[in-house]
2 protein chains.
Amino acid sequence: MSPTPQWVKNLKPTPPQGTDLIQSERDKSKINVEKLSNFLFTKEVLERQDRVLAILQAEKVFDKSQNYFDGRVDKFKTALARAKRMRQLQVKHKWTQEEYLMANELVSEPGPYGLHASMYLTTLRGQGTPEQQKLFLEPAENYKAIGCYAQTELGHGSNVRGLETIATWNPEDKTFILHSPALTASKWWIGSLGRTANHAVVMAQLIIGGKPYGPHPFVCQIRDMKTHEPLEGIHVGDIGPKFGYNTMDNGFLLLNKVKIPHVNMLARFSSVDPETNKYVKPSSPSLIYGTLTWVRSTIVLQSGGVLARGVTIATRYASVRRQFSDRDAPADAGENQVLDYQMVQYRLLPLLAATFALHFTGKAMMGLYQDNQKRMNSDAGQASNTSRGAGPEETHSGSDLLADLHATSCGLKALGSTTAVDGLEMCRRACGGHGYSSFSGIGSWYADYLPTATWEGDNYMLTQQVARYLLKSARAVLKGDAPNNDTTRIFTTFLQKQDMGAAHDILGSDSDLVAAFAWRTSFLTFEALKHRDVEKNSWNSLLVDFWRLSTAHSQYLVVKNFYDVLQSESLRYELDSETIGVLHKLFRLYALDTLEKGASEFYSSSAVTVRQIQLARTKSVMKLLEEIRPHALRLVDAWHFPDWQLDSSLGRKDGKVYEDMFYRASELNPLNGLTIDPYPDNDVLVKRDETANFKSKL
Amino acid sequence: MSPTPQWVKNLKPTPPQGTDLIQSERDKSKINVEKLSNFLFTKEVLERQDRVLAILQAEKVFDKSQNYFDGRVDKFKTALARAKRMRQLQVKHKWTQEEYLMANELVSEPGPYGLHASMYLTTLRGQGTPEQQKLFLEPAENYKAIGCYAQTELGHGSNVRGLETIATWNPEDKTFILHSPALTASKWWIGSLGRTANHAVVMAQLIIGGKPYGPHPFVCQIRDMKTHEPLEGIHVGDIGPKFGYNTMDNGFLLLNKVKIPHVNMLARFSSVDPETNKYVKPSSPSLIYGTLTWVRSTIVLQSGGVLARGVTIATRYASVRRQFSDRDAPADAGENQVLDYQMVQYRLLPLLAATFALHFTGKAMMGLYQDNQKRMNSDAGQASNTSRGAGPEETHSGSDLLADLHATSCGLKALGSTTAVDGLEMCRRACGGHGYSSFSGIGSWYADYLPTATWEGDNYMLTQQVARYLLKSARAVLKGDAPNNDTTRIFTTFLQKQDMGAAHDILGSDSDLVAAFAWRTSFLTFEALKHRDVEKNSWNSLLVDFWRLSTAHSQYLVVKNFYDVLQSESLRYELDSETIGVLHKLFRLYALDTLEKGASEFYSSSAVTVRQIQLARTKSVMKLLEEIRPHALRLVDAWHFPDWQLDSSLGRKDGKVYEDMFYRASELNPLNGLTIDPYPDNDVLVKRDETANFKSKL
């Protein structure tokens, strides 16, 4: 690129400047941003963010200026360098797990140590015996061995029971033989496997004496510890580029009769007795059940923050950007601030409401999960102390709560990640043409987050689990032997009032608004139950009904959780009444907008009348948009994203949108180092200028 | 990458093989694929496709095997080499415009000559005088000059009147001075400008004697014809990477008082008289109006085909992929073909129906446009022959039709491209985890197509134009002075029957189904009219209503066009009754599914009853899914995409999904040429193996 001429350097955007526009936008609201941030995240977490951010920004390897330009190979190299440095910093600063995770969040890209630091270590900790932990976990924790978790196969995604990789117990020399019997058995999508890991936990079908015992975890070394070359009988590599996530080396792995010792089968829950050659059954499968619930609850909590990045960028840009004059305005009026357009508000502000709704719901889920873990641990302790002395009722109630949490986490994972994914794309489009530029910062974030809708349970598949649980609860309520929890309580209420009708005052009463959502869930559940149990319809013929039911139920939970936060004492203690008032409006916007979009289920269940729904849209929602609009910018500020994290021209906190777009294009873009020959008949295609100031040309 | 060992080469997927599955899927239907293809595209077009495909496939530069791996710079270099070769082939084979466009469609990536070959040449042809065409068009047509069309600016997208670049007439030396007065005046997003073009048509505000005359087109040379360096006073470059479209060099351009001669203002419609220094007014602005209509009609037609690529890939993969057993099936049953799942059918088959619906609608639009152009040309001819002799009625009806077409094209452009964009992403997700791999072929196609939702009129902005037209028509109907066209006819019917109610038999009668859509449009139009004219609501407060109205109206048009095709004689002549029967089911699926998803508007307008909508979903739609499912594969086959065009592992016509995924990852993936050092404390990061068989390591 030729150097930028002085006359270009002198140019500024046409006034009003973005900095002024965004400041006057902030002046429209009195929300105390700092207090709201503290309420959302706690002061401790925000201080941690500042501390870790300062460390990262001082490191050259974390400089983000070439992120949007690099191709796959360079992306990966840089990501690996960053992962290494991150590990060094973790050691140097004695970072806690929270600090390490915070650093990763700020860097905001998946890294090649990702699956080592999460699934490999977690699996060894959770499923290894003390002997195995000494052998495998210790070197892994010290990064002397780098591992991954190899479950999914080329021919099998979600269905673990369908895995084809086999581990055959060889009684003669007390080893397992890991083998991929077909091409479809190739491990696939395995994070950190492609180029990085030298170990893998391989999920394989255990075979003893010709009999299958289902999938089990085996530790397998796959690459030489010195040369990093694949070991004999192992074919391993990266699976190629993806829509996003290209800083990660998702890999494939084929095993050709690879022998591993007995100690490599992770044996905390089940094992093979090397003396008798017999299978030892798992002791407590429900703990694994718990891990999945934990992972999904995390996804729910994150979904609010994931979406909030897009909403922050789009809202800030809509405050700076002006386009067209108002049709009703006088001819000489300037162009309108984009955030003033009703259509833009209608697209962005319900998403803004959703960020808070999902955040509060995720926090509540994590709380419930932790309470239940404590309770189960103390139950388990009591049980072992008294030798089966715990009453059946207590055990029952503990596992009931876990079943409820499990189903809840499935449905909310699907709703939360779908809302975030679709919402991010809506934010990108709300930025108009510039939303398509990489410098918007939304596209790559969206592309990296996208698989969340598919992994840890495909969002459509998961809805079946929710429906199964709701049907089971409804049957129990009808039989009269249901546990007492929120789900069975709303079903009972529905059955009691069903004949009288509902008459929820959704426009006047918050609790009625929540109750209308509960009513819809209950109605859809008993409808589905009738289809399945009375009309004996096939499971497959009800999948669309189940998907609707799960979505309805999850929306009820989000609305209810938001409502509960508004009733909480901590809210009143930490926030002033103006901020609480705006949060209340966000609650109503989320609920009424969701209700209106699912209108036909609400009226056909008689939860509300057709007239009420019409009023909800034409009056309430539109009025709420107007009322929330002046607070929008401060509300996104409260999410507290550093500019460094967002890495977005459009989402800059200071409003210098156009300066930043131009700087990145004109000063950072390596394509401008090419001078080409434009004529079709000339053979010489391009010449690359390797220096910053390019002069050469061919 | 180490060479693939023999034991890996021996591996096959677990049976049943994809080839067998996809063949047995094809055997389920008797649709005559060839006849249906001919009906969709004509035999002539399909033969053209074969002919051009054979030429392209024989050229090394069009080899696609590295497309998914290349970074931005390499992508662009390759795309430029391809553009050059394409031009050479065009000359060599004396390709017609249709053949050249077909070649571009098959290559399926935007190329650096794109805006030269379209907008630059078109603008010179349409807006240049004969003298200007000799001067600028001739060298451009021979690729001696390469141009682009520079309208959009950094601070101004859709709003042409807000452009900041100025062209000041200098009476002293009879020149224009092109100037960018601010950073936001920088031209931005200009295709082919970044690295390729040496000329641009610059849209700039014309200033004569200090007075502004609005935006006009000026030809400006921007780079040296030999060195390709930017000329004095010009700062030009590529705007950087985007979410997609990275084979194209969208550029920026700043002009510092650049002087161009008088002849460089394109003067066919308006000009500056160099003697009097006076502005000469445009003669026929409606021709430009017509061009936009043409562009949008093309987008409507293409939207069916764009979506069909995703549907083809997802449907083929869903025929090969098996996942989980049916819950109601016996325990030893194998895994289910994914296409058998109701939820998958519910996601894919309405999109399959939409591909046909949009294709037929686009074709009808193009037909109407061409009829109208002929008519206007003959009117114009008559008018000039008889010197204002054409009756006012005829002129009125010609321009009325154009106004109708304009509004129709706006609404359908928005609906068609939104359907295609959202549908492609739904197809990608329906492919599960593998949909995220670049080898699915959907992601990059989606990313490249995405801007269509924003350009040629943002899909949300456009809906205002539709609403404005419908309100105007409704006012005319109420006044009694409306032209006789389809829009005014459905309004008249609505007003006549409004009091009696509608009672459309959507489940029994096709024409009633179409009428229900017409009814909804009419209802929403008169509602909006009341809000605007009676209640005097602001335009801005009605934008959401207008967006709903436009969508409703466009859906009516699509349903109606599909219906009309089913009534046509050519259909009965070209297709057998089984195929017609399946097309009829697709029509009903598209209409009923659309109706059900917009349920609340249909019942609140009294177009149908609540009970009918419930039946539409639970009975009709679900039954149609079952009935269409066996024909799905042949229906996508009829779209006739060569494998070379799709470039998709999942969408292979022969069903060899897993072999192809594995081959691309294991044999083509350059990341596997890197061996890394996995340990965090080692400085040396990676070593790249430049040979195919990598041995080195650090």
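These numbers come from a predicted model, not from an experiment. (Residues numbered from 1 in each chain as written. Chains lettered and ligands numbered in written order. Predicted model: local features only at pLDDT ≥ 70, side-chain atom pairs only at ≥ 80, totals over all residues. Heavy atoms only, no water.)

**Student:** Give me the lowdown on the overall build of chain A, citing residues and values where you can.
**Tutor:** In terms of helices and strands, chain A carries 23 helices and 13 strands. Taken against the 2.2 N^0.38 rule, which gives 26 Å for 698 residues, the C-alpha radius of gyration of chain A at 28 Å falls within 12% of a compact globule. Burial statistics for chain A: of 698 residues in total, 60% are counted as buried. For chain A, contacts bridging at least 24 residues in sequence account for 74% of all contacts bridging at least 6. Summed over its atoms, the accessible surface of chain A is roughly 27100 Å², and 53% of this surface lies on carbon and sulfur atoms. (Helix = DSSP H or I, 4+ residues; strand = E, 2+ residues; numbered from the N terminus. Rg over C-alpha atoms; globule rule 2.2 N^0.38 Å. Buried < 20%, exposed > 50% of the residue type's maximum accessible area, 1.4 Å probe, protein only. Contact = heavy atoms within 4.5 Å. Areas by Shrake-Rupley, 256 points an atom, 1.4 Å probe, with all protein chains shown as cover.)

**Student:** Please set out the pattern of salt bridges residue by residue, giving values where relevant.
**Tutor:** Under the defined criterion, the tally for this structure stands at 68 salt bridges over all chains. Of the charged contacts, one joins Arg-48 of chain A and Glu-44 of chain A as a salt bridge, the two residues approaching to 3.5 Å between their closest N and O atoms. Note that Arg-48 of chain A and Glu-44 of chain A are positioned in helix α4 (residues 43-57) at a spacing of four residues, about one turn of the helix. Residue Glu-44 of chain A is classed as exposed on the basis of its relative accessible area of 54%. The salt bridge involving Glu-141 of chain B is made with Arg-125 of chain B; its shortest N-O contact spans 2.9 Å. Placement of the pair is Glu-141 of chain B in helix α8 (residues 130-141) and Arg-125 of chain B in helix α7 (residues 114-127), with a sequence separation of 16 residues. The partly exposed category is assigned to Glu-141 of chain B, whose relative accessible area is 31%. With relative accessibility at 39%, the residue Arg-125 of chain B sits in the partly exposed group. (Salt bridge = Lys/Arg side-chain N within 4 Å of Asp/Glu carboxyl O.)

**Student:** Give a detailed account of the packing of aromatic side chains, specifying residues and quantitative values.
**Tutor:** Residues and elements named next belong to chain A. Counted by the stated rule, this structure contains 59 aromatic pairs over all chains. Aromatic pair Phe-41 and Trp-639: ring centres 5.6 Å apart, planes at 65°, arrangement edge-to-face. Here Trp-639 lies in the loop between α21 (632-637) and α22 (643-646) and Phe-41 lies in helix α3 (residues 33-41), a separation of 598 residues in the sequence. Across the pair, Trp-639 and Phe-41 agree in class, each one buried. Seen in terms of ring centroids, Phe-517 and Phe-602 are 5.0 Å apart; in terms of plane orientation they differ by 75°. Their pairing is edge-to-face. With a gap of 85 residues between them, Phe-517 in helix α15 (residues 510-534) and Phe-602 in helix α19 (residues 599-604) connect regions that are remote in the sequence. Take Phe-517 and Phe-602: they sit in the same class, and that class is buried. (Phe/Tyr/Trp six-rings, centres within 6.5 Å; stacked < 30°, edge-to-face > 60°.)

**Student:** Explain the side chain of Gln-90 of chain A to me, using residue names and the numbers behind them.
**Tutor:** By the secondary structure assignment, Gln-90 of chain A is in helix α5 (residues 72-92). The contacts of Gln-90 of chain A, once residues within four sequence positions are left out, are Trp-95, Tyr-100 and Tyr-143 of chain A.

**Student:** Please give an account of the interface of chain A and chain B that cites residues and values.
**Tutor:** With 149 residues of chain A at the contact, the number on the chain B side is 149 residues. Both faces combined, the contact of chain A with chain B buries some 12800 Å², and carbon together with sulfur accounts for 61% of it. Counting across the interface, chain A meets chain B through eight salt bridges. Among the salt bridges present, the one from Arg-548 of chain B reaches Glu-596 of chain A, with a minimum N-O distance of 3.2 Å. Applying the counting criterion to the chain A and chain B interface returns 62 residue pairs in polar contact (both at pLDDT 80 or more). With nine residues, the top contributor of residues to the side of chain A that touches chain B is α5 of chain A. (Buried area = accessible area lost by both parts, 1.4 Å probe. Polar contact = N/O pair within 3.5 Å; in protein donor to acceptor, adjacent residues only side chain to side chain.)

**Student:** Just give me the short version of the sheet that holds strand β8 (residues 251-255) of chain A, but keep the residues and values in it.
**Tutor:** Here three strands make up an open sheet; going across it, the order is β4-β8-β7 (chain A) and the pairing antiparallel. If you trace the sheet from one side to the other, it starts and ends with β4 (187-190) and β7 (234-238) of chain A, each paired once. The mean inter-strand angle of the sheet, taken between neighbouring strand axes irrespective of direction, is 15°. Here β7 of chain A pairs with β8 of chain A via five bridges, running antiparallel. Note on β8 of chain A: the bridge partner recorded for Val-236 of chain A is Leu-253 of chain A. Where helix α23 (residues 657-668) of chain B meets the sheet, it contacts β4, β7 and β8 of chain A, and its direction lies at approximately 100° from that of β8 of chain A. (Pairing = 2+ DSSP bridges. Axes fitted to C-alpha atoms, helices over the stretch in contact; angles between N-to-C directions.)

**Student:** Tell me about the nonpolar core, residues and numbers included.
**Tutor:** Counting 301 residues, the largest nonpolar core has Phe-356 of chain A together with Phe-356 of chain B as the members making the most contacts within it. Dropping the residues within four chain positions of it, Phe-356 of chain A is found in contact with Leu-36, Leu-40, Phe-562, Leu-583, Leu-586, Leu-635 and Trp-639 of chain A. Judged by nonpolar contacts, the second largest core, of 26 residues, contains Ala-200, Phe-218, Leu-253 and Val-258 of chain A. (Core = buried A, V, L, I, M, F, W, Y, C linked by side-chain atoms within 4.5 Å.)

**Student:** Tell me about the relation of the copies chain A and chain B, and name the residues and values.
**Tutor:** Note that the two copies of the chain are related through a rotation about an axis and a translation along the same axis. When chain A is brought onto chain B, the operation consists of a screw motion whose angular component is 180° and whose axial shift is 0.0 Å, with 0.1 Å RMSD remaining. Such a combination of rotation and displacement between the chain copies is what one expects of a two-fold axis. Ranked by how close their C-alpha atoms come to the rotation axis, the residues of chain A are headed by Gly-71 of chain A, at 1.9 Å. In this assembly, 100% of the residues forming the interface of chain A have copies in chain B that are likewise at the interface, indicating an isologous arrangement. (Least-squares fit on C-alpha atoms with pLDDT ≥ 70 in both.)

**Student:** So what's going on with the UniProt feature "domain: Acyl-coenzyme A oxidase N-terminal" (unreviewed entry) in chain A? Which residues, and what values?
**Tutor:** If you check UniProt for "domain: Acyl-coenzyme A oxidase N-terminal" (unreviewed entry), the listed places come out as residues 32-146 of chain A in our numbering. Structurally, residues 32-146 of chain A is divided into 71% helix and 0% strand, and its ends, taken at the C-alpha atoms, are 46 Å apart. (UniProt positions renumbered as here; feature names shortened; annotations may be inferred.)

**Student:** Just give me the short version of the packing of helix α15 (residues 510-534) of chain B against helix α18 (residues 577-597) of chain B, but keep the residues and values in it.
**Tutor:** Between two packed helices, what matters for the description is the angle formed by their axes and the separation of those axes. All names here are of chain B. Running from amino to carboxyl end, α15 crosses α18 at an angle of 35°, the nearest separation of the two axes being 11 Å. The handedness of the crossing between α15 and α18 comes out as left-handed. Residues Asp-510, Leu-513, Val-514 and Phe-517 of α15 lie in contact with α18, whose contacting residues are His-584, Phe-587, Arg-588, Ala-591, Leu-592, Thr-594 and Leu-595. Along the lines of polarity and charge, the residues of the contact of α15 with α18 split into seven nonpolar, two polar and two charged. (Left-handed = near helix turned anticlockwise from the far one by under 90°. Nonpolar A, V, L, I, M, F, W, Y, C, P; charged D, E, K, R; others polar.)

**Student:** Provide a residue-level description of the sheet that holds strand β7 (residues 234-238) of chain B, including the pertinent values.
**Tutor:** All names here are of chain B. Spatially, β4-β8-β7 is the arrangement adopted by the three strands of the open sheet, whose pairing is antiparallel. Since the sheet does not close on itself, it has two edges, and those belong to β4 (187-190) and β7, each with one partner. Adjacent strand axes in the sheet meet at a mean angle of 15°, parallel and antiparallel pairs treated alike.

**Student:** Would you mind going over the packing of helix α4 (residues 43-57) of chain B against helix α6 (residues 97-107) of chain B in detail, with residue names and values included?
**Tutor:** Residues and elements named next belong to chain B. At a closest axis distance of 9 Å, the pairing of α4 and α6 adopts a crossing angle of 65°. Crossing geometry of α4 relative to α6 is assigned as right-handed. Across the interface between the two elements, Val-45, Arg-48, Gln-49, Arg-51, Val-52, Leu-53 and Leu-56 of α4 pack against Glu-98, Glu-99, Met-102, Ala-103, Leu-106 and Val-107 of α6. Residue composition of the contact of α4 with α6, by class: eight nonpolar, one polar and four charged.

**Student:** If you had to explain helix α7 (residues 114-127) of chain A to someone new, which residues and values would you point to?
**Tutor:** All names here are of chain A. With 14 residues, α7 extends 19 Å from end C-alpha to end C-alpha; this agrees with the ideal 20 Å at 1.5 Å per step. Listed in full, the buried residues belonging to α7 are His-116, Ala-117, Tyr-120, Leu-121, Thr-123, Leu-124 and Gln-127. The inward-facing, buried residues of α7 abut α6 (97-107), α8 (130-141), β1 (149-150), β5 (199-208) and β6 (211-221). (Expected span 1.5 Å × (residues − 1).)

**Student:** Tell me about the environment of Pro-630 of chain A, and name the residues and values.
**Tutor:** Residue and element names in this part refer to chain A. Among the secondary structure elements, Pro-630 is positioned in the loop between α20 (610-628) and α21. The class of Pro-630 is partly exposed, set by a relative accessible area of 22%. Separated by 601 residues in the primary sequence, Pro-630 and Ser-29 have C-alpha atoms spaced 6.0 Å apart. The contact partners of Pro-630, leaving out residues within four places of it in the chain, are Glu-25, Lys-28 and Ser-29.

**Student:** Before we move on, could you go through the pairing of strand β9 (residues 258-261) of chain A and cite the residues and values that matter?
**Tutor:** Residues and elements named next belong to chain A. Side chains Val-258 and Ile-260 project from β9 onto a buried face, and the interleaved Lys-259 and Pro-261 project onto a face without burial. As defined by bridge partners, strand β3 (residues 175-179) adjoins β9 across four bridges and the pair is classed as antiparallel. Residue pairing for β9: Ile-177 is matched across the bridge by Lys-259.

**Student:** Give a description of unusual backbone geometry that names residues and reports values.
**Tutor:** Residues and elements named next belong to chain A. Residue Pro-15 is joined to Pro-16 through a cis peptide bond whose omega torsion reads -5°. Inspection of the secondary structure assignment puts Pro-16 in the loop between α1 (6-9) and α2 (18-26). The backbone phi angle of Lys-174 is positive, close to 55°, even though this residue is not glycine. As for its placement among the helices and strands, Lys-174 is situated in the loop between β2 (166-170) and β3. Of the residues examined, Lys-174 reaches a relative accessible area of 31% and is grouped as partly exposed.

**Student:** Would you mind going over the confidence of the model for chain A in detail, with residue names and values included?
**Tutor:** Detailed reading of the predicted coordinates is not advisable wherever pLDDT is low. Residues and elements named next belong to chain A. Of the residues in chain A, 92% have a pLDDT of 70 or more, and the chain-wide mean is 91. Ignoring residues within four places in sequence, the model shows residues 383-396, a span with pLDDT below 50, making six contacts including any to other chains. Scored below 50 in pLDDT, residues 689-698 shows 32 contacts in the model against residues more than four places distant or in partner chains. Two numbers describe this predicted complex: its pTM, 0.94, and its ipTM, 0.93. (pLDDT = per-residue confidence, 0-100.)

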